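Residues per chain are reported as follows:
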Amino acid sequence: MTMTTPLRAAAAVCLATALTLTASACGDDGTAGGGSEGEGTGSITFWDNNGGVRTPVWKEIIADFEKAHPDIDVEYVPIPINDVQSKYDTAIAGGGLPDVGGVATSYLANIVAQDALEPVGDRIAAGALNGVLAESMTESVQAAGGRGDKMYSVPTSANNGTLWYRTDLFAEAGLDAPTTWDAFYEAAEKLTDRENNAFGYTIRGGEGSIAQALDVMYGQSGITEFWEGGETTVNAPENVAALEKYTGLYKRVTPEADVNNDFVKMVAQFDNGDIGMLSHNLGSYQDHLKALGDDFAGLPQPTGPGGKRVQVSNPVDGLGLFRSSDNKAAAWKFIEFAAGHEANSTWNESAAQIPANTEAAQDAWVKESARENGAFASLTDGSTTLVQLPYYLPDWNSISKTDNEPAFQKVLLGEMSAKDFLDQLAEQLNEARAEWQEQQQ
């Protein structure tokens, strides 16, 4: 199968550059060419990679930063989360990148492959963030960048998959909390009353569906490695069986409209209807609290046979310093401030996510969240095995979104088998990995 990929595009740019610019080359460390340090004052532009949803908390942090640094003005630009990668790609090709931008590990490699980001490891080591960033998140960022131990963003938060469930509906039906996959499927059936528009589960069939499907697959199969013998395990027989069982829920115990669900529609359905369970992440906590009060709770991924819990890794969010910036010194001051104890705690409490700053992670609200929601603590309490998704592949985001979300909808609609879908996905992933490995030589 031949695909036009960001990696191929980046390689083509490198070749063209090599033919015309012998003094520099693609894939350098980011210190040569483009931008300057500036005076550490003046104006900088910041792109929020979840604009709208996180706008209020970022405006609060920016106001605090400008108060502490009156000689720096931050222009805030909210970018909707579904448009972020295309916005960056367009700006890389045509100009207009910000000084600082929110960058998740799910598309970090694509931006790194185009040499748009400045390495930040030396800046971290020389400044206030040295020694206060969570090691697991730092390692995730390094791995996702795809260039050894170099870091191309400062981690700010981690998310975790969460099974939200309606405690009131479970109590009325005499059901225990869905802590195991058997209990999950039993509850999905028992809480469904289609005639009265009540459903046991809402499935994600639209944007973002692939990551959720992978989480459910590996959670049930118990497979703990994404690669084995040089090839992906996504189409292993155990994963095929798990996906068949999961997609079999569609229309039987879920609303028919779920085939087009993105997270916004899915969360709205759960909060405003009679739906027993929702797989999302920690970020929708505030929505559920506002709509449902005390009538919901969150759990980590259900466990399989023997009490084993397996989840796929969630992207680590972070802040990137762009090489084209003409005011890197001021931009770095903003990144240090935003990733510092107080601002990082403020942002993550608002987003209900896990702080990257280890000092912020000791704050009272974090400890309280861990007590109330098992999904908050399951990443660090030793109860969960993570399957590391290959965010370092420049093609990962396009494969897991553009190339396969429509195909997953065909599986839900019965127009494509789970096996054919996973075989297609595996072929694309194996090709992308082989291509990436070739570029590393």
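The structure reproduced in this document is the subject of the present report. (Residues numbered from 1 in each chain as written. Predicted model: local features only at pLDDT ≥ 70, side-chain atom pairs only at ≥ 80, totals over all residues. Heavy atoms only, no water.)

1. Things to note about the overall build of the protein
Inference 1: The helix and strand tally for the protein stands at 19 helices and 14 strands.
Inference 2: For 441 residues, the compact-globule estimate of 2.2 N^0.38 gives 22 Å, and the protein sits close to it at 22 Å.
Inference 3: Summarising its shape, the C-alpha atoms of the protein cover approximately 65 × 50 × 35 Å along the three principal directions.
Inference 4: Residue pairs at least 24 apart in sequence account for 76% of intrachain contacts in the protein once pairs closer than 6 positions are excluded. (Helix = DSSP H or I, 4+ residues; strand = E, 2+ residues; numbered from the N terminus. Rg over C-alpha atoms; globule rule 2.2 N^0.38 Å. Contact = heavy atoms within 4.5 Å.)

2. Examining the sheet that holds strand β6 (residues 198-202)
Inference 1: Strands sit in the order β6-β9-β5-β10 across an open sheet of four strands; the sheet is mixed. Since the sheet does not close on itself, it has two edges, and those belong to β6 and β10 (297-299), each with one partner. Averaged over all adjacent pairs, the angle separating strand axes in this sheet is 20°, with direction ignored.
Inference 2: Packing of helix α11 (residues 263-272) onto the sheet brings it into contact with β5 (161-165), β6 and β9 (274-281), and relative to β9 it is tilted by some 145°. (Pairing = 2+ DSSP bridges. Axes fitted to C-alpha atoms, helices over the stretch in contact; angles between N-to-C directions.)

3. With respect to the packing of helix α10 (residues 237-247) against helix α19 (residues 418-440)
Inference 1: Look at α10 against α19: their axes get within 9 Å of each other, and the N-to-C directions meet at 130°. Of the possible angle classes, the one that applies to α10 and α19 is oblique. Handedness of the crossing formed by α10 with α19: right-handed. In contact with Asn239, Val240, Leu243 and Glu244 of α10, α19 contributes Ala418, Lys419, Phe421 and Leu422.
Inference 2: Along the lines of polarity and charge, the residues of the contact of α10 with α19 split into five nonpolar, one polar and two charged. (Parallel < 35°, antiparallel > 145°, perpendicular 65-115°, else oblique. Left-handed = near helix turned anticlockwise from the far one by under 90°. Nonpolar A, V, L, I, M, F, W, Y, C, P; charged D, E, K, R; others polar.)

4. Structural notes on the packing of aromatic side chains
Inference 1: Following the criterion strictly, the structure yields 25 aromatic pairs and no others.
Inference 2: Note on Phe46 and Phe334: the rings are 5.3 Å apart at their centroids and 55° apart in plane angle, and the pair reads as tilted. Of this pair, Phe46 sits in strand β1 (residues 42-48) while Phe334 is found in helix α13 (residues 328-338), placing the two residues 288 residues apart along the sequence.
Inference 3: When its relative accessible area of 0% is taken as the criterion, Phe46 is described as buried.
Inference 4: On the accessibility criterion, Phe334 (0% relative accessible area) is buried.
Inference 5: Members of the aromatic cluster, each reached through a chain of ring pairs, are Phe46, Trp58, Phe65, Tyr76, Phe334, Phe337 and Trp347.
Inference 6: The ring of Trp347 carries the charged tip of Arg54 above its face, separated from the ring centre by 5.8 Å. (Phe/Tyr/Trp six-rings, centres within 6.5 Å; stacked < 30°, edge-to-face > 60°. Buried < 20%, exposed > 50% of the residue type's maximum accessible area, 1.4 Å probe, protein only. Lys NZ or Arg CZ within 6 Å of the ring centre and 35° of its normal.)

5. Section: the sheet that holds strand β2 (residues 72-78)
Inference 1: Strand order in the open sheet made by the six strands is β2-β1-β3-β12-β4-β13, with mixed pairing throughout. Two strands in the sheet have a free side with no partner beyond their single neighbour: β2 and β13 (354-355).
Inference 2: Taken together, the two bridges between β1 and strand β3 (residues 100-104) define a ladder with parallel strand orientation. Residue Phe46 lies in a different strand from β3, and its bridge partner there is Val100.
Inference 3: Sitting on the sheet, helix α14 (residues 341-351) is in contact with β4 (154-158), β12 (316-321) and β13, with an inclination near 35° to β4.

6. A word on the pattern of salt bridges
Inference 1: One pass over the structure, following the stated rule, counts seven salt bridges.
Inference 2: As a salt-bridge pair, Asp168 and Arg166 come within 2.9 Å of each other at their nearest N and O atoms. In this pair, the class of Asp168 matches that of Arg166, namely buried.
Inference 3: A salt bridge links Arg252 to Glu189; the nearest nitrogen and oxygen atoms lie 2.3 Å apart. Note that Arg252 is positioned in the loop between α10 and α11 and Glu189 in helix α8 (residues 181-190), a separation of 63 residues in sequence.
Inference 4: A residue is classified by how much of its surface remains accessible, and Arg252, at 42% relative accessible area, is partly exposed.
Inference 5: Residue class for Glu189 comes out partly exposed when judged on its relative accessible area of 40%.
Inference 6: Because the salt bridges share partners, they merge into one network encompassing Glu37, Glu118, Arg123 and Lys328. (Salt bridge = Lys/Arg side-chain N within 4 Å of Asp/Glu carboxyl O.)

7. Topic: unusual backbone geometry
Inference 1: Look at Asn197: it is not a glycine, yet its phi comes out positive at around 60°.
Inference 2: A relative accessible area of 53% means that Asn197 is categorised as exposed.
Inference 3: Positioned with a positive phi, Ala352 is a non-glycine residue whose angle comes to about 55°.
Inference 4: With respect to the element layout, Ala352 can be found in the loop between α14 and β13.
Inference 5: Given a relative accessible area of 8%, Ala352 falls into the buried group.

8. A look at the pairing of β4
Inference 1: Counting buried positions along β4 gives five out of five residues, so the element sits mostly inside the fold.
Inference 2: Sheet topology note: the β4/β12 ladder contains four bridges and is antiparallel. Counted as the bridge partner of Ser157 is Asp317 from β12.
Inference 3: The pairing of β4 with β13 spans two bridges and is antiparallel. Across the sheet, Ala158 pairs through a bridge with Ile354, a residue of β13.

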